[in-house]
Amino acid sequence: MTTMVEDTRSWHLRHGDWRALKDHAIPIRHAVFILEQNVPESLELDELDANCHHWLVLDYQGSGIATGRLTPTGHIGRLAVLAPWRGQGIGRAIIKDMLRYARENGRDRIVLNAQTHAIGFYSALGFVAEGPEFDDAGIPHRRMVYGRHQGA
Ligand code: COA
């Protein structure tokens, strides 16, 4: 099952479960994380996907162009926008809708592990970095928190 969220002239945003969205989400994550960022393939897909809520942006030909996921414990991850589509507000639209969805489902504190280059992107959306930088899959990260009890 998927739900339409936002519809612009060139792309539209949906969210739904893994079964409904994985055929589009997997190739986007493969292009961004494995091919572009050299994340090992064995780390990219994990056992969490089946239990997460997923977001997908499609262009008007029905091709997947961006994705992301929210775990049942309120952790945002796997946010990826295909390179030609960056800088058009798509990543922001996904995060804002994740925050709306989390709020409506009674979760007011969201965490994520931000690649350090993306800290400014998440800060502009209200996330606050905390703790030291750490390595994950060869990429420097920092934990960021949104919402009540920030830093708790
Ligand atoms: N650092 C700081 N600011 C950034 C940024 C970055 N890396 N990427 C975008 N922004 C800013 C934009 O300039 C824009 O600001 P504005 O409102 O003043 O114009 C705002 O954040 C929203 O940007 P948006 O166009 O919605 O971002 P995007 O669709 O390009 O998505 C990413 C951003 C990070 C998701 C995208 O670059 C991406 O997929 N990168 C590769 C995968 C990745 O690194 N994922 C994040 C893992 S933590």
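Scroll up for the structure.
Here goes a summary of the coordinates provided. What you see is a predicted model, and the numbers here were worked out from it, not measured in a lab.

With that settled, consider the sheet that holds strand 8 (residues 139-147). Sheet strands pair via backbone hydrogen bonds, and the direction of the pair is either parallel or antiparallel. Here eight strands make up an open sheet; going across it, the order is 1-2-3-4-5-6-8-7 and the pairing mixed. Among the strands making up the open sheet, the edge pair consists of strand 1 (2-7) and strand 7 (128-136). Ignoring strand direction, the axes of neighbouring strands in this sheet form an average angle of 25°. Both strand 2 (residues 11-17) and strand 3 (residues 53-59) contribute to a ladder of seven bridges, which runs antiparallel. In the strand pairing of strand 3, H12 is matched with L58. With respect to the sheet, helix 1 (residues 18-36) is in contact with strand 1, strand 2, strand 3, strand 4 (64-70), strand 5 (75-81) and strand 6 (109-115), its orientation differing from that of strand 3 by roughly 70°. Of the strands in this sheet, strand 1, strand 2, strand 3, strand 4, strand 5, strand 6 and strand 8 touch helix 3 (residues 90-104), which is tilted by about 30° from strand 4.

Bringing the pattern of salt bridges into the picture now. Throughout the structure, instances matching the rule amount to ten salt bridges. For D46, the salt bridge goes to R69, with nearest N and O atoms at 3.0 Å. Remark: R69 occurs in strand 4 and D46 occurs in the loop between helix 2 (41-44) and strand 3; sequence separation between them is 23 residues. Two residues, D46 and R78, come together in a salt bridge whose shortest N-O distance is 3.3 Å. In this pair, D46 sits in the loop between helix 2 and strand 3 while R78 sits in strand 5, placing the two residues 32 residues apart along the sequence. Given a relative accessible area of 24%, D46 falls into the partly exposed group. Residue R78 is classed as partly exposed on the basis of its relative accessible area, which comes to 21%. Several salt bridges share partner residues, and in doing so they unite R29, E44, D46, D49, R69 and R78 into one network.

So, how was this worked out
Residues numbered from 1 in each chain as written. Predicted model: local features only at pLDDT ≥ 70, side-chain atom pairs only at ≥ 80, totals over all residues. Heavy atoms only, no water. Pairing = 2+ DSSP bridges. Helix = DSSP H or I, 4+ residues; strand = E, 2+ residues; numbered from the N terminus. Axes fitted to C-alpha atoms, helices over the stretch in contact; angles between N-to-C directions. Contact = heavy atoms within 4.5 Å. Salt bridge = Lys/Arg side-chain N within 4 Å of Asp/Glu carboxyl O. Buried < 20%, exposed > 50% of the residue type's maximum accessible area, 1.4 Å probe, protein only.

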